[in-house]
Amino acid sequence: MNTQDTICAIATAQGGAIGIIRVSGKDALAICDRIFKPLGSNRQPLCQRAPYTIAFGRLEDSNGSAIDEVLASVFIAPHSYTGEDSIELSCHGSTYILQRVMQLLVENGARPAGPGEYTQRAFLNGKMDLSQAEAVADLIASNSAAAHHMAMSQMKGSFSKKLKDLRGKLLHITSLLELELDFSDHEELEFADRSKLCHLAEQTKMAIEELAQSFKLGNAIKNGIPIAIIGETNAGKSTLLNLLVGEEKAIVSTIHGTTRDTIEDVMNIDGTNYRFIDTAGIRDTKDIIEKIGIERSLQKIKQAEAVFLIIDVTDAESQLKEMSNKVLPLCKDKHIFVIFNKTDLVPSFIPSLPSCFPKDTICINMSAKLGKGSDTLHHALTSTFGQILQTDNTVIVSNIRHYNALHAAIKAISRVQKGLQIHLSSDIISLDLRDCLFYLAEITGSEITTDEVLGNIFKHFCIGK
């Protein structure tokens, strides 16, 4: 990809009243001046205008025929999104007009931009690091307040700052170790205190592991936090799913074993997307198809962030005992909501859990059939997940490339710890430290040098961004 060219692209979706075309590169102003004729009292060409100003004028072809009356916004390097001279042409949203303007720009020396090329230039010109650039794509794709908040936090540099702090500490100790190598003839000299290095390595590993562990939640926020609805047959799982999503998504029947496969739908509650997964009722059965459905139910528990364990209050004691044996072992490190359903049939029901359930298990009385208790359930979900992204300093990893780099960094810092334990020489420990530094730097892009890697990252962006 030639970064010296001047590029152009339609930056807005089709069908709107206004369409914006972005032009960026060293010849952006000159190319636009060839087709833009200022109107009104100020007839200065765009190249003579002050930055951050808007000019009103007409776009004309080589024959002087008017194409559209537009507003041209002027941005002068380095103070633009890409760090280059840029013009944004606000046209009427006609598909014909936008395509005709693009044709004129190409005829006058610009070329159509590739996917993500504007953001790639912003990265190459030092306007943002690579993790911030990737957050731009997440911001565009965000479909909930939580996903938007997470992308904005990364785009503003919270993740980058965390990595910078970690790399700063590692660079300091690496420089001390390498200084020892310069004085290798003096074995008694030790610039790096080994006990402090052990402490630093442990702190660093814990910080990186915390970032890596956040990936599961970050991925869930982007795609909807997965919640498995589990219980025995006829406990009310499908009725609850229908209540949550507001439509008859699942078949409800008094016949046991109606649901034989998983049914999923996404619901936004107070700005966070939740992916509710109705599953086959768990019971002993000889039906081969139902058995497959139950196996899938157990797999969904493993993949979920939270579990709704539905208990029919008319048989609560028996079902709690059965579910605690079959389901609880799969719910380690998951949020568990025990929903006592059909309380309309037993109005005096008082919830009680066996001691085998975690202390932070949330109990909710409901009648899914009558819609009673749904507000309480919504509040419990918001209290559990809705506060995660309330502060701008919260760093949650949501990119698989970042996750893989963090895991490689963990392996490298673990080698450092092992090397210290067995008293390896400074040069070997220093190599492992540099590996850790490399993987952390790879996330922000300072260690990525090939166009192939960058092209793979930006090819998933939309054109115009």
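Residues numbered from 1 in each chain as written. Predicted model: local features only at pLDDT ≥ 70, side-chain atom pairs only at ≥ 80, totals over all residues. Heavy atoms only, no water.

J.: Tell me about the sheet that holds strand S11 (residues 306-312), residues and numbers included.
T.: Taken in spatial order, the six strands make up an open sheet running S9-S10-S8-S11-S12-S13, and their pairing is mixed. Each of the sheet's edge strands pairs with one partner strand only, and the pair in question is strand S9 (263-269) and strand S13 (362-365). The sheet shows a mean angle of 25 degrees between the axes of neighbouring strands, direction not considered. The sheet contact formed by S11 and strand S12 (residues 335-341) spans seven bridges and is parallel. Bridge pairing in S12 places valine 307 opposite isoleucine 336. Lying over the sheet, helix H10 (residues 316-326) contacts strand S8 (225-231), S11 and S12, oriented at roughly 145 degrees with respect to S11. Across the face of the sheet, helix H11 (residues 374-385) comes into contact with S8, S9, strand S10 (272-278), S11, S12 and S13 while running at roughly 175 degrees to S12. (Pairing = 2+ DSSP bridges. Helix = DSSP H or I, 4+ residues; strand = E, 2+ residues; numbered from the N terminus. Axes fitted to C-alpha atoms, helices over the stretch in contact; angles between N-to-C directions. Contact = heavy atoms within 4.5 Å.)

J.: Account for unusual backbone geometry, naming residues and giving values.
T.: Peptide bonds are trans in most cases, and residues, glycine excluded, mostly fall at negative phi. With omega at 5 degrees, the peptide bond leading from alanine 77 into proline 78 counts as cis. Locating proline 78 in the fold gives a position in the loop between strand S5 (66-75) and strand S6 (86-92). Unusually for a residue other than glycine, asparagine 234 sits at a positive phi of about 65 degrees. Turning to its location among the elements, asparagine 234 is positioned in the loop between S8 and helix H8 (237-245). In this structure asparagine 234 comes out as partly exposed when scored by relative accessible area, which is 24%. The backbone of lysine 342 sits at a positive phi, close to 70 degrees, despite the residue not being glycine. The topology assignment puts lysine 342 in the loop between S12 and S13. Since its relative accessible area comes to 22%, lysine 342 is described here as partly exposed. (Buried < 20%, exposed > 50% of the residue type's maximum accessible area, 1.4 Å probe, protein only.)

J.: Outline the pairing of strand S2 (residues 18-24), listing residues and values.
T.: Of all seven residues in S2, five are buried; the element is thus mostly enclosed. Note that strand S1 (residues 7-10) and S2 share four bridges and pair antiparallel. By the bridge assignment, cysteine 8 is partnered in S2 with valine 23. Examined bridge by bridge, S2 and S6 share seven bridges and lie antiparallel to one another. Bridge assignment links serine 24 to a residue of S6, and that residue is serine 86.

J.: Which residues make up the confidence of the model for the chain, and what values go with them?
T.: Confidence in the prediction for the chain averages 85 pLDDT; 87% of positions are at 70 or higher. Across residues 250-260 the pLDDT falls below 50, and counting only partners more than four positions away or on other chains, this stretch makes 31 contacts in the model. (pLDDT = per-residue confidence, 0-100.)

J.: Account for the sheet that holds S2, with residues named and values stated.
T.: Spatially, S3-S4-S5-S6-S2-S1-S7 is the arrangement adopted by the seven strands of the open sheet, whose pairing is mixed. Only two strands of the sheet have a single neighbouring strand rather than two, namely strand S3 (36-38) and strand S7 (111-112). Examined bridge by bridge, S3 and strand S4 (residues 54-60) share three bridges and lie antiparallel to one another. Bridged to lysine 37 within S4 is arginine 58. Here helix H1 (residues 28-35) sits on the sheet in contact with S2, S3, S4, S5 and S6, set at roughly 75 degrees to S3. Packed on one face of the sheet, helix H2 (residues 95-107) meets S1, S2, S4, S5, S6 and S7 and runs near 175 degrees to S1.

J.: Can you lay out the nonpolar core for me, pointing to particular residues and giving the numbers?
T.: Core analysis: the largest hydrophobic core is formed by 30 residues, its most contacted members being Ile208, Leu211, Leu406, Leu433, Cys436 and Leu440. Residue assignment for this core shows that the elements contributing at least two residues are helix H6 (158-182), helix H7 (194-223), helix H12 (400-421) and helix H13 (426-444). Those residues in contact with leucine 440, other than ones at most four positions away along the chain, are Leu163, Leu166, Arg167, Leu170, Ile208, Leu406 and Ala409. Listed in part, the 26 residues of the second largest apolar core include Cys8, Leu59, Leu89 and Leu105. (Core = buried A, V, L, I, M, F, W, Y, C linked by side-chain atoms within 4.5 Å.)

J.: Summarise the pairing of S10; cite the residues concerned and give the values.
T.: Most of S10 is tucked away: six of the seven residues are buried. Where S9 lies against S10, seven bridges are found, and the strand directions are antiparallel. By the bridge assignment, methionine 267 is partnered in S10 with tyrosine 274. Where S9 folds back on S10, the antiparallel hairpin that results is connected by two residues, among which aspartate 270 adopts a positive phi of roughly 50 degrees.

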